[in-house]
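Tertiary structure, described
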Amino acid sequence: MDFKPNIEQQQLSDAVREFGSSLNEGMVERDRNETFSRDNWRKCAEFGILGLPVPTQYGGSGQDLTTTILAMEALGYSCRDNGLVFALNAQMWAVEHPLIRFGNDRQKSHYLPLLCNGEIIGAHAVTEPEYGSDAMSMKTRYKKDGDHYILNGSKTFITNGPEANLVLAFATLDPTLRSSGLSAFLIETGTPGMMLSRPIQKMGLRTSPMGEVVFQDCKVPIENRLGNEGQGDMIFSSAMEWERACIFASHVGSMQRLLEDTIQYAKSRRQFDKPISQFPPVADKIVEMKVSIEAARLLVYKVGAIIDSGGNAMLEAAMAKLFVSEAHVQQTLDAIQIHGGYGYSTDFQIERELRDAIPGKIYSGTSEMQRKIIARIMGL
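Residues numbered from 1 in each chain as written. Predicted model: local features only at pLDDT ≥ 70, side-chain atom pairs only at ≥ 80, totals over all residues. Heavy atoms only, no water.

When its secondary structure is counted, the protein shows 12 helices and 10 strands. Relative to the globule expectation of 21 Å for 380 residues, the C-alpha radius of gyration of the protein, 21 Å, shows essentially globular dimensions. Seen along its three principal axes, the alpha-carbon backbone of the protein occupies a region of about 80 × 45 × 45 Å. For the protein, the proportion of its 380 residues judged to be buried stands at 56%. For the protein, restricting intrachain contacts to residue pairs at least 6 apart in sequence, the fraction spanning at least 24 positions comes to 76%. (Helix = DSSP H or I, 4+ residues; strand = E, 2+ residues; numbered from the N terminus. Rg over C-alpha atoms; globule rule 2.2 N^0.38 Å. Buried < 20%, exposed > 50% of the residue type's maximum accessible area, 1.4 Å probe, protein only. Contact = heavy atoms within 4.5 Å.)

So, in structure tokens, the structure goes:
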């Protein structure tokens, strides 16, 4: 097996790496003030980030998943604004991908070009105040009313929610039906009966807007249903399969950057007349960081290879998500330990890396849910 990118993939990765570094100015202040940069979002759209997996006829560049994974890894490496990278991924995999796979010609022709060029921002609304991991028990209801659906309920922890122009929302015909009762709807901002909240304050990923979405007798035209009635679970599962690969490709890039920063610090920081990198406990931590990154990278790349070959990667995506999210948090803890007091302070921004890594164990399905998925697929 050849894990080396081809020439075109390498050129794209190099270009993304160079571009990503241009997004870092003012990042510390944006994190401190919980500010989302719409300007940088537009720059990413103009560069082509948001259109990477989108077919060319809808304004994208039509890249396969492996190529997109390599590009998002490069962006995670060079762009230190982890919140922006997360928000980009959230739209690409939880809104654009469902549109590509399940949208009809009208929906794809209308929405995908606008999402790719940054004119509109998309949000994926499934989590509810009382139902997170048990998403299939959601209480947001829909009912048919002539040529419309009426939605009632609320969603929370919705990435991009406060900035969204388009919400992909999930609702159930009857909660007792669980997964078989779910349907998905494309709802534009300004639709009567849909309200977006102000941003939710967060520990990390503070430059990524997150909020609540409330539906009160929200009228959605029938033509804005995504897929068929009852297909909501399939749409959601497909999005998560792809999201768990690509969001965590960006994590791999962040981990690589943190490793290099930590090595540089360990070689320059001297104690007892020698660099701390020469002390075995420090070197051991750095070695573990390196091993974790290489394992994480291979797991994510495997998901891309399977999907690009037409296979089902639900198991591999769950394993990649579980391993990368856990390894990323441990790596940031090790980096803080190596940096000592400087790691705990804000001087080197390592504490921010920890704050941004922790939610990776929660979003796209908690670590506990990934273990449950893996066990189920293994027949346990």
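Relative to strand E3 (residues 148-159), strand E2 (residues 141-145) is paired through five bridges, and the arrangement is antiparallel. Of the residues in E3, the one forming a bridge with Lys144 is Tyr149. Between E2 and the antiparallel strand that follows it, E3, lie two residues; Gly146 among them carries a positive phi value of about 65 degrees. (Pairing = 2+ DSSP bridges.)

Turning next to the packing of aromatic side chains. One pass over the full model with this rule turns up 11 aromatic pairs. Summarising the aromatic geometry, the rings of Phe248 and Tyr363 are spaced 5.9 Å apart at their centres and angled 35 degrees between planes, so their arrangement reads as tilted. Within this pair, whereas Phe248 is found in helix H7 (residues 232-268), its partner Tyr363 is found in the loop between helix H11 (350-357) and helix H12 (367-377), the two being separated by 115 residues in sequence. You can call Phe248 buried: its relative accessible area is 0%. Put simply, the rings of Phe86, Phe248 and Tyr363 touch in pairs and so form one group of aromatic residues. Directly above the aromatic system of Tyr77 lies the positively charged group of Arg17, at a separation of 4.1 Å from the ring centroid. The lysine or arginine in question, Lys274, covers the ring of Phe279, its NZ or CZ lying 4.6 Å from the ring centre. (Phe/Tyr/Trp six-rings, centres within 6.5 Å; stacked < 30°, edge-to-face > 60°. Lys NZ or Arg CZ within 6 Å of the ring centre and 35° of its normal.)

This part covers unusual backbone geometry. Unusually for a residue other than glycine, Asn160 sits at a positive phi of about 75 degrees. Along the polypeptide, Asn160 turns up in the loop between E3 and strand E4 (166-172). Notably, Ser364 is not glycine yet its phi reads approximately 60 degrees, a positive angle. Position of Ser364 relative to the elements: it lies in the loop between H11 and H12.

In this section: the nonpolar core. Formed by 63 residues in total, the largest nonpolar core has its most connected members in Trp41, Ile49, Ile69, Leu75, Leu84, Leu88 and Ile338. Contributing elements (two or more residues each) for this core: helix H1 (7-20), helix H3 (38-47), helix H4 (65-78), helix H5 (82-102), H7, helix H8 (280-308), helix H9 (314-339) and H11. When residues of this core are assigned to their parent elements, the largest contribution, 12 residues, is made by H7. Apart from residues lying up to four places away in sequence, Trp41 is in contact with Phe36, Leu50, Leu84, Ala87, Leu88, Gln91, Gly118, Ile120, Ile121 and Asn160. Core analysis: the next-biggest nonpolar cluster, separate from the first, contains 24 residues, Leu114, Leu182, Phe236 and Ala239 among them. (Core = buried A, V, L, I, M, F, W, Y, C linked by side-chain atoms within 4.5 Å.)

In this structure the tally under the stated criterion is zero disulfides. A disulfide-free cysteine, Cys116 has its sulfur positioned 13 Å from the sulfur of Cys44, the nearest such atom. (Disulfide = S-S within 2.5 Å.)

Considering the arrangement of structural elements, one finds Pro113 in helix H6 (residues 105-116). A residue is classified by how much of its surface remains accessible, and Pro113, at 26% relative accessible area, is partly exposed. In the structure, Pro113 is positioned 57 residues away from Thr56 in sequence and 9.5 Å away in space, judged by C-alpha atoms. In this structure, Pro113 is in contact with Tyr58 and Lys108, ignoring residues within four places of it in sequence.

Further remarks concern the packing of H4 against H5. Relative to each other, H4 and H5 sit at 165 degrees, their axes nearing to 11 Å. As far as their axial angle goes, H5 and H4 are roughly antiparallel. Here the hand of the crossing between H4 and H5 comes out right-handed. In this structure, H4 uses Leu65, Thr68, Met72 and Leu75 to contact H5, whose residues at the interface are Val85, Leu88, Asn89, Met92 and Trp93. Taken together, the residues of the contact of H4 with H5 break down into seven nonpolar, two polar and no charged. (Axes fitted to C-alpha atoms, helices over the stretch in contact; angles between N-to-C directions. Parallel < 35°, antiparallel > 145°, perpendicular 65-115°, else oblique. Left-handed = near helix turned anticlockwise from the far one by under 90°. Nonpolar A, V, L, I, M, F, W, Y, C, P; charged D, E, K, R; others polar.)

So, about the packing of H4 against H7. Following both chains from N to C, one finds H4 and H7 inclined at 35 degrees, their axes separated by 7 Å at the closest point. The chirality of how H4 crosses H7 is right-handed. Contact with H4, carried on its side by Leu65, Thr68, Ile69, Met72, Glu73, Gly76 and Tyr77, involves Trp242, Ala245, Cys246, Ala249, Ser250, Val252, Gly253, Ser254, Gln256, Arg257 and Glu260 of H7 and no other residues of that element.

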